[in-house]
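Residue-level structure breakdown
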Amino acid sequence: NALGAGKFPEKTITIIVHASAGGGSDMFARTIATAIERNKILPVPVVAEPKPGGSGGIAFAYVAGKKKDPYFLVTATPTFLTTPIMGLTPVSMKDFTPIANLAFDELVLAVSAASKYKSIKEVLADAKANPKKISLAVTQLGGPDTICMSMVEKAAGVQFNSVVFNGQADANVAILGNHVDMSVGNPGEMMELVKAGKVRILGIFSDKRMTEAPDIPTMKEQGLNVVFRQNRSLVAPADIPAEARKVLEETLLKVTQTDLFKKYCKDNLISEGYMAGDEFTKYLTDMSGKYAVILKEMNLIKKK
């Protein structure tokens, strides 16, 4: 054992968060750390540390540089796959050990309560009549939200005017101030505004209605056949010891079974979906291929 004779883990494990503090990935990492601590799943502390920037590239490069060291993990969403595909970071999947996917975030399309749009049908009819007129808040080009909406544009034969914001919080402010017509994002980052009656959700990009929000219609049932879900996963650096990988996989499976994690999923309209080992690796490989096709169509792949 290259890490000394002891059993893994013997010291603090750090989850590096690829996005800004307070966002969805940060909440996800902190929930995992708290669940491990409260339920005494591991004998060591687990801490979350945000390293945002470069569409996740800064965090991914940092953890890739910790080769063989199982004491560092990084949060992985579709950005983990799309940032390398777009040529925005020199590291890629081969620089990591997939550990586990814990859940899936559904995406929703929202407008301000004052908006004239009451359904996705109205939005698409207007978009057909006025190409690129409807403005859409997104949080990064090539990120999950832009990929999802590019699928909408393709399926419906329309074009929106995408406006990029630093994060969902900024996008929410723009929606409330009527600076943009609509926004696409995770329900968890919008639910407070929905409850306060300030934002209306036009639909969710899931294959069926969520039990926690039965009144939100799916896009599919409204005639728009687009389903998009965002993985919430953790990966480690390449070449970590096999026994450490096994401990991490088992730890994260136990996390998904805790009351704290189940409440987090329920509160944020997140679907549980644990995958590890070969199944998770295959999922990442398949999605990487799918995203590459979409990003190429969007002209977002930097030529080498």
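Because the structure is a prediction, the values reported are computed rather than measured. (Residues numbered from 1 in each chain as written. Predicted model: local features only at pLDDT ≥ 70, side-chain atom pairs only at ≥ 80, totals over all residues. Heavy atoms only, no water.)

From N to C terminus, the protein chain includes 10 helices and 11 strands. Against the 2.2 N^0.38 benchmark of 19 Å for 304 residues, the protein chain shows a C-alpha radius of gyration of 20 Å, consistent with a compact globule. C-alpha extents for the protein chain along the principal axes are approximately 70 × 45 × 30 Å. Buried residues in the protein chain amount to 54% of all 304 residues. Within the protein chain, counting contacts between residues at least 6 apart in sequence, those at least 24 apart form 78% of the total. Put simply, the protein chain shows about 13,600 Å² of open surface, and 54% of that area lies on carbon and sulfur atoms. (Helix = DSSP H or I, 4+ residues; strand = E, 2+ residues; numbered from the N terminus. Rg over C-alpha atoms; globule rule 2.2 N^0.38 Å. Buried < 20%, exposed > 50% of the residue type's maximum accessible area, 1.4 Å probe, protein only. Contact = heavy atoms within 4.5 Å. Areas by Shrake-Rupley, 256 points an atom, 1.4 Å probe, with all protein chains shown as cover.)

Further remarks concern the pattern of salt bridges. Where charged atoms of side chains with opposite charge meet at close range, the side chains can pair. A complete count under the given rule lists 16 salt bridges for this structure. Across the pair K116 and D126 runs a salt bridge whose closest N-O atoms are separated by 3.4 Å. You can see K116 sitting in the loop between β5 (108-112) and α4 (120-129) and its partner D126 sitting in helix α4, a full 10 residues away along the chain. Looking at D126, the relative accessible area reads 13%, which means it is buried. (Salt bridge = Lys/Arg side-chain N within 4 Å of Asp/Glu carboxyl O.)

What follows deals with the environment of S135. Turning to its location among the elements, S135 is positioned in strand β6 (residues 135-138). With a relative accessible area of 10%, S135 lands in the buried category. Sequence separation between S135 and S162 is 27 residues, and the spatial gap between their C-alpha atoms is 5.8 Å. The contacts of S135, once residues within four sequence positions are left out, are N161, V163, H179, V180, D181 and M182.

Our focus in this paragraph is the sheet that holds strand β8 (residues 182-185). The strand order across the open sheet built from 5 strands is β7-β6-β8-β5-β9, with neighbouring strands paired in mixed fashion. The strands lining the two open edges of the sheet, one partner per strand, are β7 (161-164) and β9 (199-204). Each neighbouring strand pair of the sheet contributes to a mean axis angle of 30°, computed without reference to strand direction. Taken together, the 4 bridges between β6 and β7 define a ladder with parallel strand orientation. Bridging from a neighbouring strand, V138 pairs with V164 of β7. Against the sheet, helix α6 (residues 168-176) touches β5, β6, β8 and β9, its axis set at about 155° to β8. (Pairing = 2+ DSSP bridges. Axes fitted to C-alpha atoms, helices over the stretch in contact; angles between N-to-C directions.)

On the basis of which strands lie adjacent, the open sheet formed by 6 strands has the order β2-β1-β3-β10-β4-β11 and mixed pairing. Single-partner strands in this sheet number two, and they are β2 (46-50) and β11 (270-276). Going from strand to strand, the sheet's axes swing by 25° on average, the running direction of each strand aside. With 3 bridges connecting them, strand β3 (residues 72-76) and strand β10 (residues 229-237) associate as antiparallel partners.

Taken N-terminus to C-terminus, the directions of helix α1 (residues 24-38) and helix α8 (residues 242-256) make an angle of 90°; their axes are 10 Å apart at the nearest point. Taken together, α1 and α8 sit at an angle that is classed as roughly perpendicular. Contacts from I32, A35 and I36 of α1 reach α8 at T251, L252 and V255. By residue class, the composition of the contact of α1 with α8 is 5 nonpolar, 1 polar and no charged. (Parallel < 35°, antiparallel > 145°, perpendicular 65-115°, else oblique. Nonpolar A, V, L, I, M, F, W, Y, C, P; charged D, E, K, R; others polar.)

Ranked by size, the top nonpolar core spans 51 residues in total, and within it F96, L109, M149, F160, M182, F205 and L224 carry the most contacts. With 7 residues, the single largest contributor to this core is helix α10 (residues 277-297). Core analysis: the second largest hydrophobic core is formed by 33 residues, Y71, I99, I240 and L252 among them. (Core = buried A, V, L, I, M, F, W, Y, C linked by side-chain atoms within 4.5 Å.)

This part covers the pairing of β11. By the criterion of burial, β11 is predominantly enclosed, with 5 of the 7 residues buried. Pairing of strand β4 (residues 96-106) with β11 involves 5 bridges; the strand directions are antiparallel. In the strand pairing of β11, A103 is matched with E272.

Bringing α10 into the picture now. Under the 1.5 Å per step criterion, the end-to-end length of α10 is 31 Å for 21 residues, consistent within 8% with the ideal 30 Å. Of the surrounding elements, those touching the buried residues of α10 are α3 (78-85), β4, α5 (144-156), β10, α8 and β11. Of the residues trailing α10, N299 is marked for its positive phi of about 55°. (Expected span 1.5 Å × (residues − 1).)

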